[in-house]
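Structural features, examined
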Amino acid sequence: MNQNKALSLLGLATKAGKTVTGEFSTEKAVKEGKAQIVLVAEDASDNTKKKFRNMCNYYQVTMKVFASKDSLGNACGKEFRASLAVMDTGLAKAIEKQIDSCGNLEV
């Protein structure tokens, strides 16, 4: 249930123009200090998860492993996406709250 809420909020953030998707764009948002939260798909490669975990730790950005590539992509109105960043503080906190309440742990 909360996963659906989090994905709905993600769709809202996308419509508001507050998300970037894909590895390159997500990395750029983190390094420029624009990303408030980074979401990496559960079925993304271990290498991708490690890369974003290390980057987010360094730049002090919250990172969550959440949903599947297809679910993340569909929420953003695109094909599958392994990573994305939310750049709005309020939406990022709301999404993080929903993710945390459905039992996903920060990685």
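Before reading on, note that the structure itself is shown above.
Now for a look at the structure at hand. (Residues numbered from 1 in each chain as written. Predicted model: local features only at pLDDT ≥ 70, side-chain atom pairs only at ≥ 80, totals over all residues. Heavy atoms only, no water.)

1. Focus on the packing of helix 1 (residues 2-15) against helix 5 (residues 89-101)
Where helix 1 contacts helix 5, the two axes come as close as 8 Å, and the packing angle between them is 165 degrees. Here helix 1 lies roughly antiparallel to helix 5, going by the angle between them. In this structure, helix 1 crosses over helix 5, and the sense of that crossing is left-handed. Within the contact between the two elements, helix 1 uses Asn2, Lys5, Ala6, Leu9, Leu10, Leu12 and Ala13 and helix 5 uses Leu91, Ala94, Ile95, Gln98, Ile99 and Ser101. (Axes fitted to C-alpha atoms, helices over the stretch in contact; angles between N-to-C directions. Helix = DSSP H or I, 4+ residues; strand = E, 2+ residues; numbered from the N terminus. Parallel < 35°, antiparallel > 145°, perpendicular 65-115°, else oblique. Left-handed = near helix turned anticlockwise from the far one by under 90°. Contact = heavy atoms within 4.5 Å.)

2. As for the state of the cysteines
All told, the structure shown has 0 disulfides when counted by the stated rule. The thiol of Cys56 is unpaired, and the distance to the nearest cysteine sulfur, on Cys76, comes to 16 Å. (Disulfide = S-S within 2.5 Å.)

3. Quick look at the sheet that holds strand 4 (residues 83-86)
Here 4 strands make up an open sheet; going across it, the order is 1-4-2-3 and the pairing mixed. At either margin of the open sheet sits one strand with a lone partner, and together these are strand 1 (19-21) and strand 3 (62-65). Pairs of neighbouring strands in the sheet enclose a mean axial angle of 20 degrees, with direction left out of account. Bridging between strand 2 (residues 37-40) and strand 4 involves 4 bridges; their strand directions are antiparallel. The residue of strand 4 that forms the bridge with Val38 is Ala85. This element, helix 2 (residues 23-31), spans strand 1, strand 2 and strand 4 of the sheet and lies at about 135 degrees to strand 1. (Pairing = 2+ DSSP bridges.)

4. Concerning the pairing of strand 3
With 4 bridges connecting them, strand 2 and strand 3 associate as parallel partners. Of the residues in strand 3, the one forming a bridge with Leu39 is Lys64. Read from strand 2 through helix 3 (residues 46-59) to strand 3, the crossover connection turns out right-handed. (Right-handed = clockwise from strand over helix to strand, strands pointing away.)

5. Focus: the pattern of salt bridges
Under the criterion given, the structure shown has 5 salt bridges. The residue Lys31 makes a salt bridge to Glu27 at a minimum N-O spacing of 2.8 Å. On the criterion of helical spacing, the pair formed by Lys31 and Glu27 is a turn pair, its members being 4 residues apart in helix 2. Put simply, Asp100 and Lys64 hold a salt bridge, and the shortest N to O gap is 2.8 Å. On the criterion of sequence distance, the pair formed by Asp100 in helix 5 and Lys64 in strand 3 is long-range, its members being 36 residues apart. On the accessibility criterion, Asp100 (37% relative accessible area) is partly exposed. Each of the salt bridges in this network shares a partner with another, and the network as a whole consists of Glu23, Glu27, Lys31 and Lys51. (Salt bridge = Lys/Arg side-chain N within 4 Å of Asp/Glu carboxyl O. Buried < 20%, exposed > 50% of the residue type's maximum accessible area, 1.4 Å probe, protein only.)

6. Some points on the nonpolar core
Core analysis: the biggest nonpolar cluster contains 33 residues, and Leu10, Val38, Leu39, Phe66, Leu72 and Val86 have the highest contact counts within it. Ranked by residues supplied to this core, first place goes to helix 1 with 5 residues. Aside from chain neighbours lying at most four places away, what touches Val86 is Leu10, Ala13, Lys18, Thr19, Lys34, Ala35, Gln36, Ile37, Leu91, Ala92 and Ile95. (Core = buried A, V, L, I, M, F, W, Y, C linked by side-chain atoms within 4.5 Å.)

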